[in-house]
Amino acid sequence: MKINPPLISIIIANRNGEKYLKTCITSVLKSSTKNYEIIFIDNKSTDSSIEIINEFVRKDTRIRILINEVNRGVPFSRNRAIREAKGEILVFLDNDTKVDRNWLNAIIETFSTDNTIGALQCKIFDFKKTDLIQEIGMKLYPYTGFGTTLGRGEKDHGQFDKPVEIIALGAALAVKKEVARRVGGFDLKLMHTTDDLDFSWRIWILGYRVMLSPDSKIYHYTKEHKHNYKMYFHLSKNSLRMITKNYEALNVIKFLPFSLAFNIIGGISVLLSRRSIDGILGVFLGIAWYVYTLPDTLKERSKVQKLRKVMDKEIFNKIMISTNIFDLLKIYFSGRRISSPLMKGER
């Protein structure tokens, strides 16, 4: 007896994405699996995004439009879509992507192999240099909760043709709806840069695995981040909040001082090397934000820890990498990338 594939909700958050939307939506509509809906959620775009998506809606009733009257950011939009979604599987897809025809089939197949898999990431290639991997996922640095990308800039020679345990990136992230709801969705306070890392981390804490779906391929534009005070603000506040929420108590005590030191030294490094106050300004604003919102962070910590099914020691073995704080400074404040061995059971 033929089993119908599960309904998939493809969630695309958008803000002024007119440059990318036709390519993205057209590729999705060519997917070989047809049992899906598209939830397009717009964050008060001021360009022609709504006009473009309405053209597709008139031709395909599987597309739904949700509009936020105020730009509340991607995490808010995704959480709203989680509540609205009808599918068993949710796929968060950035608007600046193009998908392979069989991408959804591969997601369904990977989920079917193991009930402990709660979320997946597609294999992401560069949009322009399509033979180069952009990323297959991330591993986290325990000192900060930030990550390093896996596979970036490599040609695909089959080295990532099997599922790999990862932290998934939000550009192409699939999750079972029941898992997304149990974990509480995305953290609205993180807002920028690491909300997807935090989401994946909490799925691991909940007792599910997050994996690469190696045959699900998408193509994503490579964009440069602006090095201004806002970037350092979000990196510092998000690091402190994630460490406080997601670690067991002893590891909060262990790694929170490292995160504080890392961010302060990094801000000073930017001041000295680039003659810019952006780093130190952003870091101290981030620390002030962390102190001001600490009651809320502790409230969220209580929720995360009540859901905990897996201890930090096991998570370290799965998704953390080991390096020292000085190499981390070089990575985040001079742009150099390094690779490190997997951490083995550190506490």
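This text gives an overview of the structure that appears in the document. All residue numbers here refer to positions counted from 1 along the written sequence of the relevant chain. The model is predicted, so local features are restricted to residues of pLDDT at least 70 and side-chain atom pairs to those at 80 or more, both for listing and for counting; the totals for chains, interfaces and linings are taken over all residues. Neither water nor hydrogens contribute to the side-chain values; these are computed over all heavy atoms in the structure.

Time to look at the state of the cysteines. By definition, a disulfide links the sulfur atoms of two cysteines through a covalent bond. Working definition: a disulfide is two cysteine sulfur atoms within 2.5 Å of each other. Evaluated as defined, the whole model comprises zero disulfides. Its sulfur unpaired, cysteine 24 is 12 Å from the next cysteine sulfur, which belongs to cysteine 122. By relative accessible area, cysteine 122 is classed as buried at 1%. Think of it in three bands: residues with accessible area under 20% of the maximum for their type are buried, residues over 50% are exposed, and the middle band is partly exposed, with areas taken using a 1.4 Å probe on protein chains only.

Take the packing of aromatic side chains next. Note on aromatic pairs: the rings of Phe, Tyr and Trp (six-membered ring only in Trp) are paired at centre separations within 6.5 Å, and the planes decide the class, stacked below 30 degrees, edge-to-face beyond 60, tilted for the rest. Counted according to the given criterion, the structure contains 13 aromatic pairs. Ring centres of phenylalanine 92 and phenylalanine 186 lie 5.2 Å apart, and the angle between their planes is 85 degrees; this geometry places the pair in the edge-to-face category. Residue phenylalanine 92 is found in strand E4 (residues 89-93), and its partner phenylalanine 186 is found in the loop between helix H5 (177-183) and helix H6 (195-206); the two are separated by 94 residues along the sequence. Here the two residues phenylalanine 92 and phenylalanine 186 agree in accessibility, since each one is buried. On the numbers, 6.3 Å between centres and 65 degrees between planes, the contact of phenylalanine 146 with phenylalanine 262 is edge-to-face. Segments assigned H or I by DSSP are reported as helices when at least four residues long, segments assigned E as strands when at least two residues long, and all are numbered from the N terminus.

Moving on, we come to the nonpolar core. As a rule of thumb, soluble globular proteins bury nonpolar side chains together. Residues belong to one nonpolar core when they are buried, are Ala, Val, Leu, Ile, Met, Phe, Trp, Tyr or Cys, and are joined through side-chain atoms within 4.5 Å. Residues Val175, Trp201 and Ile203 are the most contacted members of the largest nonpolar core, which totals 60 residues. Per-element accounting of this core gives the leading share, seven residues, to H6. For this analysis, residues touch if any pair of their heavy atoms sits within 4.5 Å. With residues near it in sequence (within four places) discarded, isoleucine 203 still touches Ala119, Val175, Val179, Val183, Tyr208 and Val210. The next biggest cluster of nonpolar side chains, apart from the first, holds 33 residues, and it includes Cys24, Ile25, Leu93 and Ile117.

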